[in-house]
Amino acid sequence: MIEHSPDRGFSGESSAWSSYELSATETPTESIVYAVADVSGRDPLELCPLYEVVDPDAVDRLFGRSASRECSTGTKLRFVYEGHEICIDDRRLVLRGIDRDSSQALR
């Protein structure tokens with residue numbers, strides 16, 4: 001589910017974040033790529049490969065839905081991908097566009 005609205009990132013900053021619930025039918029990495037493509041108005045195939053920024057297998061293992069996981073683990077990941085700050089936990093994905101200077105500060 002896509003919600004384009006002001007939100008708070010995981011560290012509490014207030015700015016324009018796009019919030020997505022993680023889908024039971026997509027892997028977390030698919031959700032990241034589709035969300036970034038959606039907010040940037042680009043085709044997912046036009047984006048750089050996600051593996052150039054994070055390990056997709058590790059992201060899917062950490063945040064993937066499994067029948068045995070019924071409660072939140074509290075694990076969060078924050079990184080920059082395609083000019084967007086990405087914050088993900090086991091329930092949602094939030095992202096916001098950032099400028100080049102902010103991108104360097106997050107690395």
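What counts and how
- Residues numbered from 1 in each chain as written.
- Predicted model: local features only at pLDDT ≥ 70, side-chain atom pairs only at ≥ 80, totals over all residues.
- Heavy atoms only, no water.
- Helix = DSSP H or I, 4+ residues; strand = E, 2+ residues; numbered from the N terminus.
- Expected span 1.5 Å × (residues − 1).
- Buried < 20%, exposed > 50% of the residue type's maximum accessible area, 1.4 Å probe, protein only.
- Pairing = 2+ DSSP bridges.
- Salt bridge = Lys/Arg side-chain N within 4 Å of Asp/Glu carboxyl O.
- Contact = heavy atoms within 4.5 Å.

Looking at an unreviewed UniProt entry, one finds the protein named Halobacterial output domain-containing protein and attributed to Natronoglomus mannanivorans.

## Concerning helix α1 (residues 28-40)
For α1, built from 13 residues, the straight-helix expectation of 18 Å at 1.5 Å per residue is met to within 8% by its first-to-last C-alpha distance of 18 Å. Here α1 has its buried residues at Pro28, Thr29, Ser31, Ile32, Val33, Ala35, Val36 and Ala37. Taken from the residues just after α1, Gly41 is the one with a positive phi, measuring 70 degrees.

## So, the pairing of strand β5 (residues 92-97)
Two strands pair when backbone bridges link them, and strand β4 (residues 84-88) and β5 are joined in this way by 5 bridges, in the antiparallel orientation. From the neighbouring strand, His84 faces β5, where its bridge partner is Gly97. The turn joining β4 and β5, which pair antiparallel and follow one another in sequence, is formed by 3 residues.

## Observations concerning the environment of Gly64
The topology assignment puts Gly64 in the loop between α2 (56-63) and β3 (77-81). On a C-alpha basis, the gap between Gly64 and Thr29 in space is 9.0 Å, while along the polypeptide they are 35 residues apart.

## Describing unusual backbone geometry
Despite not being glycine, Glu82 shows a phi value in the positive range, around 50 degrees. Counting through the fold element by element, Glu82 comes out in the loop between β3 and β4.

## Regarding the pattern of salt bridges
Considering all chains together, one arrives at 4 salt bridges under this definition. Between Glu82 and Arg42 there is a salt bridge, with its nearest N and O atoms 2.8 Å apart. Of the two residues, Glu82 sits in the loop between β3 and β4 while Arg42 sits in the loop between α1 and α2, which places them 40 residues apart along the sequence. Among the residues examined, Arg42 registers a relative accessible area of 30% and is labelled partly exposed. In this structure, Glu85 and Arg78 form a salt bridge, with 2.1 Å as the shortest nitrogen-oxygen distance. Take Arg78: its relative accessible area is 37%, and that puts it in the partly exposed class. It is possible to trace a salt-bridge network through shared partners that takes in Arg42, Glu46 and Glu82.

## Quick notes on the pairing of β3
Note that β3 and β4 share 5 bridges and pair antiparallel. Paired with Phe79 across the bridge in β4 is Ile86. The loop that links β3 with its antiparallel partner β4 comprises 2 residues; one of these, Glu82, has a positive phi angle of about 50 degrees.

## Quick look at the environment of Leu77
Here Leu77 lies in strand β3. Considered as a pair, Leu77 and Phe63 are 14 residues apart in the sequence and their alpha carbons are 9.4 Å apart. Setting aside its immediate chain neighbours within four residues, Leu77 contacts Val59, Phe63, Ile86, Cys87 and Ile88.

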